[in-house]
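The primary structure of each chain is shown beneath.
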Amino acid sequence: MAASSSPYVTLISNDGFEFIISRDAACVAGTIKKMLDPNSLFAEAISGRCTLGMINGVVLEKVCEYLYYNLKHKGEKDVPDMEIPPELCLELLMAADFLHV
């Protein structure tokens, strides 16, 4: 199966941690969606692997959790708050800005 048709993609942090998540969840992030667009001809679209050089493993794990959380609660009202450790807030904000989520 070609990576572009696989239902899963791999997100790689700057410290080498790899997170395999569903393509639908990954595409909640605008930056990742553009990276994986088969019409873009980016290497990530062909391989299904996105290296995110500015995001460490701890933050990327929380980003992946949020992508699934967002997908699960899409279109709902009164969505419960997601637990975010205060020590990660600044790094998560920077990651969210970079990823367009």
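First, a word on what this report is: a plain description of the structure on this page. (Residues numbered from 1 in each chain as written. Predicted model: local features only at pLDDT ≥ 70, side-chain atom pairs only at ≥ 80, totals over all residues. Heavy atoms only, no water.)

## A short note on the nonpolar core
This is how it is decided: Remark: nonpolar core denotes a set of buried residues (Ala, Val, Leu, Ile, Met, Phe, Trp, Tyr, Cys) joined through side-chain atoms within 4.5 Å. The cut-offs for exposure are 20% and 50% of the maximum accessible area for each residue type, with area from a 1.4 Å probe on protein chains only; residues under the lower value are buried, those over the upper are exposed, and the others partly exposed. Runs of H or I in DSSP of at least four residues are treated as helices and runs of E of at least two as strands, each being numbered from the N terminus. Between two residues, a contact is recorded if the distance between any of their heavy atoms is within 4.5 Å.
In terms of nonpolar packing, the biggest core is built from 22 residues, with Leu-11, Ile-21, Ile-32, Leu-52, Leu-60 and Val-63 touching the most fellow members. Sorting the residues of this core by element identifies strand E1 (8-12), strand E2 (18-22), helix H1 (23-26), helix H2 (30-36), helix H4 (57-72) and helix H5 (89-99) as the ones contributing at least two each. A total of five residues in this core trace back to one element, the largest contributor, which is H4. Sequence-distant contacts of Val-63, that is, excluding residues within four places in its chain, are made with Leu-92, Ala-95 and Leu-99.

## Structural notes on the packing of H4 against H5
Heads up, the condition is: Between the N-to-C directions of two axes lies an angle of 0 to 180 degrees, each axis being a line fitted to C-alpha atoms and, for a helix, fitted only over the stretch in contact. Note on angle classes: values under 35 degrees are labelled roughly parallel, values over 145 roughly antiparallel, values of 65 to 115 roughly perpendicular, and the remainder oblique. When the near helix sits turned anticlockwise from the far one by under a right angle, the crossing is termed left-handed; a clockwise turn instead gives a right-handed crossing. When residues are sorted by character, Ala, Val, Leu, Ile, Met, Phe, Trp, Tyr, Cys and Pro go into the nonpolar class, Asp, Glu, Lys and Arg into the charged class, and all the rest, Gly among them, into the polar class.
The N-to-C vectors of H4 and H5 enclose an angle of 60°; their axes lie 10 Å apart at closest approach. One finds that H4 runs oblique with respect to H5. The hand of the H4/H5 crossing is right-handed. In this structure, H4 uses Val-59, Lys-62 and Val-63 to contact H5, whose residues at the interface are Glu-91, Leu-92, Ala-95 and Leu-99. Residues belonging to the contact of H4 with H5 are distributed by class as follows: five nonpolar, no polar and two charged.

## Quick notes on the pattern of salt bridges
Rule in force here: Here, a salt bridge means any side-chain nitrogen of Lys or Arg that lies within 4 Å of a carboxyl oxygen of Asp or Glu.
The tally for this structure, following the rule as stated, stands at two salt bridges. Linking Arg-49 and Glu-18 is a salt bridge whose minimum nitrogen-to-oxygen distance equals 2.9 Å. Placement of Arg-49 in strand E3 (residues 49-51) and of Glu-18 in strand E2 is noted, with a sequence separation of 31 residues between them. With relative accessibility at 36%, the residue Arg-49 sits in the partly exposed group.

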